[in-house]
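Spelled out from the first residue to the last, the chains are:
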Amino acid sequence: MMLKGNFKNKWSVFKENSPTSHICFMIVVVNLVFIGISALLISILPENEGHSIGELIRLAFTLMVNPSGKYIYSETPISLIITTIVVLLGMIALTGGTVGFITRQLRIRDISILRII
């Protein structure tokens, strides 16, 4: 019980002292969760039967980053629906969240550098 309270206290201090690092950490965690969900969704597809979890994670990440890549699409409706969901998760989490956060941080730093000059 004391360990949980100690961790909660340290996490609260971390959030207060460095909110940018906290947001970056949370974006990474959300991206990893989305990649895991995508790997589970891809494992449902019949063309991926027998693949290891590592290969499914690699396929999910590749599909999220590069939808027109080397992934072999099936003509079945469930396959098209699941791959569309995976691609949309990638667009939202990887592209939208990560790139948006990095761009915002660069813009803030660029403005602060211009104020110094």
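Overview of the structure. (Residues numbered from 1 in each chain as written. Predicted model: local features only at pLDDT ≥ 70, side-chain atom pairs only at ≥ 80, totals over all residues. Heavy atoms only, no water.)

## Observations concerning the overall build of the protein
Counting secondary structure elements, the protein contains 4 helices and 0 strands. From first element to last, N terminus to C terminus, the protein shows the α and β order α-α-α-α. Counting only residues that meet the buried cut, the protein has 23% of its 117 residues in that class. Across the protein, every contact between residues at least 6 apart in sequence was considered, and the portion connecting residues at least 24 apart equals 57%. (Helix = DSSP H or I, 4+ residues; strand = E, 2+ residues; numbered from the N terminus. Buried < 20%, exposed > 50% of the residue type's maximum accessible area, 1.4 Å probe, protein only. Contact = heavy atoms within 4.5 Å.)

## Some words on a nonpolar patch on the surface
A surface patch of nonpolar side chains, about 380 Å² in accessible area, is lined by Phe 25, Met 26, Val 29, Val 33 and Ile 37. Assignment of secondary structure puts Ile 37 in helix 2 (residues 19-44). Relative accessible area serves as the criterion here: at 38%, Ile 37 is assigned to the partly exposed category. (Patch = residues over 30% accessible without salt bridge, like charges linked within 9 Å, V, L, I, M, F, W, Y side chains within 5 Å. Areas by Shrake-Rupley, 256 points an atom, 1.4 Å probe, with all protein chains shown as cover. Salt bridge = Lys/Arg side-chain N within 4 Å of Asp/Glu carboxyl O.)

## Thoughts on the pattern of salt bridges
Side chains bearing opposite charge may pair, as long as their charged atoms lie close to each other. Inspection of the entire model under this criterion finds 1 salt bridge. Taking the shortest distance from any N to any O, the salt bridge between Arg 58 and Glu 55 comes out at 4.0 Å. Within this pair, Arg 58 and its partner Glu 55 are both found in helix 3 (residues 53-65), separated by 3 residues, close to a single helical turn.

## A word on the environment of His 51
Locating His 51 in the fold gives a position in the loop between helix 2 and helix 3. Taking relative accessible area as the criterion, His 51 reaches 29% and is therefore assigned partly exposed. Filtering out sequence-adjacent residues up to four positions away, His 51 remains in contact with Leu 56 and Leu 59. From its side chain, His 51 meets the backbone oxygen of Asn 48 in a polar contact 3.2 Å long. (Polar contact = N/O pair within 3.5 Å; in protein donor to acceptor, adjacent residues only side chain to side chain.)

## Comments concerning the packing of helix 2 against helix 3
Between helix 2 and helix 3, whose axes approach to 8 Å, the crossing angle comes to 110 degrees. By the criterion of interaxial angle, the relationship of helix 2 to helix 3 is roughly perpendicular. For the pair helix 2 and helix 3, the contacting residues are Phe 34, Ile 35, Ser 38, Ala 39, Ile 42 and Ser 43 in the first and Leu 56, Ile 57, Leu 59, Ala 60, Phe 61, Leu 63 and Met 64 in the second. When the residues that make up the contact of helix 2 with helix 3 are grouped by side-chain class, the tally is 11 nonpolar, 2 polar and no charged. (Axes fitted to C-alpha atoms, helices over the stretch in contact; angles between N-to-C directions. Parallel < 35°, antiparallel > 145°, perpendicular 65-115°, else oblique. Nonpolar A, V, L, I, M, F, W, Y, C, P; charged D, E, K, R; others polar.)

## Examining helix 2
In an α-helix, one turn spans 3.6 residues; hence positions three or four apart end up facing the same way. For helix 2, with 26 residues, the first-to-last C-alpha span of 38 Å sits near the 38 Å given by 1.5 Å per residue. Those residues of helix 2 that sit buried are His 22, Ile 27, Asn 31, Ile 35, Ser 38, Ala 39 and Ile 42. (Expected span 1.5 Å × (residues − 1).)

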